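What follows is the residue order along each chain.
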Amino acid sequence: MNIQVTLNTAGKPPVTVSPTSASVERGTSTITWTQAPGQTFSFTSLAFTGNPSCFSKPTVTSTQITVQDANNNAGAAVDYPYTIVVTSNNTPYSSAPAGIGGNPGDPMIKNK
């Protein structure tokens, strides 16, 4: 699964993702966050609220972030909000509406 990331330094929040809510079926899946077309920032970090055990430690490079999702959910869908941070011109920007360390906002992985 690929999630595209966009930086708009004037945006609230400045970092957005598409899709905002990504559904993952049961089993092991690779999730990759990449720059949307025309973007030039570097990826800095990805953090899931509560650090759920179904996700591997993120592999972060300047052009993408990758995690493995070992989704063994057998019940109702579970939402896992996350915050992604990118850097442009030595300034970090976050997907959290209240800034880095704030409420994670809308981005989430939904394990079905």
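Everything in this summary refers to the structure shown in the same document. (Residues numbered from 1 in each chain as written. Predicted model: local features only at pLDDT ≥ 70, side-chain atom pairs only at ≥ 80, totals over all residues. Heavy atoms only, no water.)

**Thoughts on the overall build of the chain**
Threshold: Each helix is a run of DSSP H or I of at least 4 residues and each strand a run of E of at least 2, with the numbering of both proceeding from the N terminus. The size measure is the radius of gyration over C-alpha atoms, and the globule rule it meets is 2.2 Å times the number of residues to the 0.38 power.
Counting secondary structure elements, the chain contains zero helices and 10 strands. Along the chain, helices and strands appear, N-terminal first, in the series β-β-β-β-β-β-β-β-β-β. Its C-alpha atoms give the chain a radius of gyration of 13 Å, within 12% of the compact-globule value 13 Å for 112 residues. C-alpha extents for the chain along the principal axes are approximately 45 × 25 × 20 Å.

**Details of the nonpolar core**
Filter applied, for reference: What we call a nonpolar core is a set of buried Ala, Val, Leu, Ile, Met, Phe, Trp, Tyr and Cys residues that are connected through their side-chain atoms within 4.5 Å. We call a residue buried when its accessible area falls under 20% of the maximum for its residue type, exposed when it is over 50%, and partly exposed in between, using a 1.4 Å probe and counting protein chains only. Contacts: residue pairs with any heavy atoms within 4.5 Å of one another.
In this structure, V5, W33, Y82, I84 and I109 are the most contacted members of the largest nonpolar core, which totals 23 residues. Mapped onto this core, the elements with two or more residues apiece are β1 (2-7), β2 (15-18), β3 (21-24), β4 (27-35), β5 (42-48), β7 (64-71) and β8 (78-88). Look past the residues within four positions of I84 in its chain and what remains in contact with it is V5, V15, V17, W33, F43, S45, L46, I65, Y93, S94 and S95.

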